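Residues per chain, in single letters:
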Amino acid sequence: SSSQFLSHCRYLNELKEDDSLCRQAQTSGTFYLFHNLSPFLQKVGKKYLVPQLGAAEMKRILEKFKETEQWIEKSVLIGCSDEHVPHFALDLGALEKSVIESELKGSFTDLRKALFVVDEKDSPLLASAQSLLRWHDSHQYCSKTGQPTQKNVAGSKRVCHASGVTYYPQMSPVVIILVSDGSRCLLARQPSFPQGMYTALSGFCDVGENVEETVRREVAEEVGLEVESFWYSASQHWPFPSSCLMIACHASVRAQQAEISMNSLELEEARWFGLEEIVEGLKREPRSSKQDDGSFLPWFPPKQAIAHQLIREWVKRQTS
């Protein structure tokens, strides 16, 4: 398995660096389709699948629009299988959406919604693909010269030939923090969230800050609490609002100093949750949270989100 991992990494790197090899790989690879950054899904029974189209199928579809090679050139490499089958993502936003949906018997779905319903193995690929496609769309011109930039075949970089500057996709570091006072954990919501959804606090790292400083600052700014200690849990790429690296941490505050002073400019609500309420919320589906009186019971991010993992870890510590 170790040699397979090394082989996998080196093959992907070769595809990124060698245009001719990557162009050849496009003829045997599979394609994930997007339309204006929304991924294509197919509903089979109660499941939502993310179809992978072969090169021949892609050519057949694009020929209906009298488009072939120039569209394949717009694809970006997003990974490969253990058997070295490369995966590409392609955005067909300039083509008629309804025709593609009818042809392939599926629909283009907003990525936020898609992450709630697709299989866990598909969600990281969709998130990476959307982030990379968005980056290329917003970096078509050089910030130094204003001249057009050219992507390599894999889409791992863009070059301004007028200035010689090479641009690489970047991620913004974001901390996401589950605060606890020992027997409770703190969750919050913003006005833009779906009704009833609560999650952990989060915020972008400022220039010059380390993770420790960001954690303490964000908790102080958003809920007026002073972090006593914290520890790292895990990290995750997250495509919203753009490509982010979510750095997940647990933080503790003193129970005697746990009175929330919420920043209403950033949050709509922030409150403490006990273990029983958290356990019930984890069982709850978004659509089952609405009550007869129109109010919403609390529910939490899907298991594909790292906030869900933080909440699960807290429950495990409380019950162990």
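Computed from a predicted structure; not experimentally measured.

A. Representation of the environment of Gln26 in the model. With respect to the secondary-structure elements, Gln26 resides in helix H2 (residues 19-26). For the pair formed by Gln26 and His139, sequence separation is 113 residues and the distance between their alpha carbons is 23 Å. Contact partners of Gln26, with chain neighbours within four places excluded, come to Phe31, Ala55, Ile72, Ser75, Phe88 and Val153.

B. Inspection of the domain arrangement of the chain at higher detail. Along its sequence, the chain is organised into domain 1 (4-136) and domain 2 (172-319). For domain 1 versus domain 2, the distance between C-alpha centres works out to 32 Å. In this assembly, 12 residues from domain 1 lie in contact with 12 residues from domain 2. Taking both partners together, domain 1 and domain 2 bury about 1,000 Å²; carbon and sulfur atoms supply 66% of that area.

C. How the structure looks around the packing of aromatic side chains. The full count for this structure, using the stated rule, is six aromatic pairs. Clustering of aromatic rings is evident, with ring pairs tying together Tyr198, Phe273 and Phe300. Across the ring face of Tyr198, the terminal group of Arg271 is positioned such that the distance to the ring centre comes to 5.5 Å.

D. Spotlight on the layout of surface pockets. Taken as a whole, the second largest pocket holds about 650 Å³ of empty space. Around the second largest pocket, the lining comprises 25 residues; the ones closest to its centre are Lys74, His136, Gln140, Lys151 and Arg158. Within the residue set of the lining of the second largest pocket, elements represented by two or more residues are H2, helix H4 (69-72), strand E6 (86-91), helix H7 (123-138) and strand E8 (150-151). It is H7 that contributes the most residues to the lining of the second largest pocket, three residues altogether. A per-class count over the lining of the second largest pocket returns nine nonpolar, eight polar and eight charged.

E. A look at the sheet that holds E8. Here we have three strands laid out as an open sheet, ordered E8-E9-E10, and antiparallel in their pairing. Every other strand in the sheet has two partners, leaving E8 and strand E10 (166-167) as the edge strands with one partner each. As defined by bridge partners, strand E9 (residues 158-159) adjoins E10 across two bridges and the pair is classed as antiparallel. Bridge pairing in E10 links Arg158 to Tyr167.

Analysis parameters
- Every residue gets a number counted from 1 within its own chain, in the order that chain's sequence is written.
- Per-residue local features are limited, in this predicted model, to residues with pLDDT of at least 70; the limit for side-chain atom pairs, both in listing and counting, is 80 or more; totals at the level of whole chains, interfaces and linings are taken over all residues.
- Based on all heavy atoms of the structure, the side-chain values leave hydrogens and waters out of the count.
- In this description a helix means any DSSP run of H or I spanning at least four residues, a strand means any run of E spanning at least two, and both kinds are numbered starting from the N terminus.
- Should any heavy atoms of two residues lie within 4.5 Å, those residues are counted as being in contact.
- A domain assignment, automatic or from a database, supplies the domain bounds used here.
- Here the buried area means the combined drop in accessible surface, using a 1.4 Å probe, for two parts upon being joined, counting both sides.
- Ring geometry is summarised as follows: Phe, Tyr and Trp rings, the Trp one being its six-membered ring, pair when their centres sit within 6.5 Å, and such pairs are stacked at plane angles under 30 degrees, edge-to-face over 60 and tilted between the two.
- In this scheme, Lys NZ or Arg CZ marks a charge over a ring once it lies within 6 Å of the ring centre and within 35 degrees of the ring normal.
- Both site types are read off a 1 Å grid over the protein atoms alone. A 1.4 Å probe that fits but cannot get out defines a cavity, while an open set with protein on both sides within 12 Å along at least five of seven lines defines a pocket; lining residues have an atom within 4 Å of a point.
- Grid points are joined across faces, edges and corners, and a volume is the space filled by probe spheres set on the points.
- Note on residue classes: Ala, Val, Leu, Ile, Met, Phe, Trp, Tyr, Cys and Pro are nonpolar, Asp, Glu, Lys and Arg are charged, and everything else, Gly too, is polar.
- The criterion for strand pairing is that DSSP finds at least two bridges linking the strands in question.

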